[in-house]
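Topology and contacts: notes
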Amino acid sequence: MMCRDFRGGAVMGDLCEDLCVAHRLVYRHCLYFERGKKVLRADWRGRPVVLKSKKEDFSSFQPLGLLDEDGGDRGLSEAELLLVVALEVKSTLGLELSNRSLGALWAAAGGGPRWKAQVASAWALLQQEEYLYFSLLQDVSRHVLPVMGSCGHFYAVEYLVAGHPQHRTLFPLEEVAAPGPAPLGDQAQAEAISHIALSFLDMVSHFDDDFSHRLHLCDIKPENFAIRSDFTVVAIDVDMAFFEPKMREILEQNCTGDDDCTFFDCFSKCDLRTHRCGSHRVNNNLQVICDKIFRHWFLPPARSPAIPASLQLRLQRAVRRCADPGSVPAVVRGPPNPFSELYRLLQDTQRELKNASG
């Protein structure tokens, strides 16, 4: 259907020719299809990629009202384009961006003989939160997927194997650390997990401190992350990520109790005097990662014979304090900064493993 729209002049994009004419972008199979969201596995010039769209059909996206029938071939002025982009980004992400950032988002609609199709396609992309995040962050974060191109309402990103809760180590470490059929030994597995855990911490620090607003991850699970060959953690699904202004807007709702103030992995507290949820998130990205990722690696029954027992015990205590700080009595809570404690213990783990390997 997308190629039919392309041949009919309704959509454009830098991948359309390869998909619909040269056949250098070849569909393989569907990875996910639910509530309209479609995720497809494809090969682009011999390289595995993923095609994604929030909605299956181009016609399902809200059209841009400025593209009226009597618009002729004049195109839209740069000021008009930047204004509509600014309003859409403000509505979707809660951000006010500079003209430079806005212009980069709208680069795909840069005029030409089929400017209406270009603008309509770019507008469909801008209505997808995940596309906005990937596009805005790809040049400033190694922890998100870069956008490789688009055709109509579909955009392409790098294909990486996602984690899975049923996987013994949550992520396919054999494919990352030592590609091949043989399973990793205890030493190699412990080394890989320590590297990946440190990358998770790096991502937490990055999302907390390195943007104009904190980026909250409200759906933290193995399926939403992948691991590169250098052990870098990459967020491959950010449909439930929100910058601070949008997070406050989402949390600040009417309530009768704290349960009403929970939004997936993000929550605040209910003020029973005003019956309104607090606008500030009570938990944070690190707590949820400790709970949903690190518990699996470092708490019993997980035990690595490659790591000294005393160090494993300290890691277990640190992960428990991080995941649920309120459950630990104040007299035994230990260091007040769980991030620093975990970072230090993971570095100690790497040193122990390196010394053991000779």
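To be clear, the structure that these remarks concern was listed above.
My aim in this report is to walk through the structure given alongside it, one point at a time. As the structure is a computational prediction, the values presented were derived from the model and not from experiment. (Residues numbered from 1 in each chain as written. Predicted model: local features only at pLDDT ≥ 70, side-chain atom pairs only at ≥ 80, totals over all residues. Heavy atoms only, no water.)

Some points on the sheet that holds strand 2 (residues 37-44)
The strand order 1-2-3-5-4 describes an open sheet built from five strands, whose pairing is antiparallel. Because the sheet does not close on itself, it has two edges, and the strands there are strand 1 (25-34) and strand 4 (147-151). Across the sheet, the mean angle separating the axes of adjacent strands is 25 degrees when strand polarity is ignored. Both strand 4 and strand 5 (residues 154-158) contribute to a ladder of four bridges, which runs antiparallel. For Cys151, the partnering residue across the bridge sits in strand 5 and is Phe154. (Pairing = 2+ DSSP bridges. Helix = DSSP H or I, 4+ residues; strand = E, 2+ residues; numbered from the N terminus. Axes fitted to C-alpha atoms, helices over the stretch in contact; angles between N-to-C directions.)

Focus: the packing of helix 10 (residues 285-298) against helix 12 (residues 338-357)
It is the contact of helix 10 with helix 12, at a shortest axis distance of 12 Å, that shows an interaxial angle of 30 degrees. By the criterion of interaxial angle, the relationship of helix 10 to helix 12 is roughly parallel. In this structure, helix 10 crosses over helix 12, and the sense of that crossing is left-handed. Counted together, Leu286, Cys290, Phe294 and Phe298 of helix 10 and Pro338, Phe339, Leu342 and Leu346 of helix 12 form the full contact between these two elements. (Parallel < 35°, antiparallel > 145°, perpendicular 65-115°, else oblique. Left-handed = near helix turned anticlockwise from the far one by under 90°. Contact = heavy atoms within 4.5 Å.)

Quick look at the packing of aromatic side chains
Describing an aromatic ring pair means giving the distance of the ring centres and the angle of the ring planes. Considering all chains together, one arrives at 15 aromatic pairs under this definition. For the ring pair Phe242 and Phe263, a centre distance of 5.7 Å and an interplane angle of 65 degrees mean the geometry is edge-to-face. With Phe242 in strand 9 (residues 241-243) and Phe263 in strand 10 (residues 262-263), this pair connects stretches of sequence that are 21 residues apart. Residue classification places Phe242 among the buried residues on the basis of a relative accessible area of 11%. (Phe/Tyr/Trp six-rings, centres within 6.5 Å; stacked < 30°, edge-to-face > 60°. Buried < 20%, exposed > 50% of the residue type's maximum accessible area, 1.4 Å probe, protein only.)

Remarks on the pairing of strand 1
Here strand 1 pairs with strand 2 via eight bridges, running antiparallel. Paired with Glu34 across the strands is Lys37, a residue of strand 2. Here strand 1 folds back onto strand 2 in antiparallel fashion, the turn holding two residues, of which Arg35 has a positive phi close to 50 degrees.

Considerations on the side chain of Thr92
Note on placement: Thr92 falls in helix 3 (residues 78-93). Since its relative accessible area comes to 14%, Thr92 is described here as buried. The contact partners of Thr92, leaving out residues within four places of it in the chain, are Glu129, Leu132 and Lys246.

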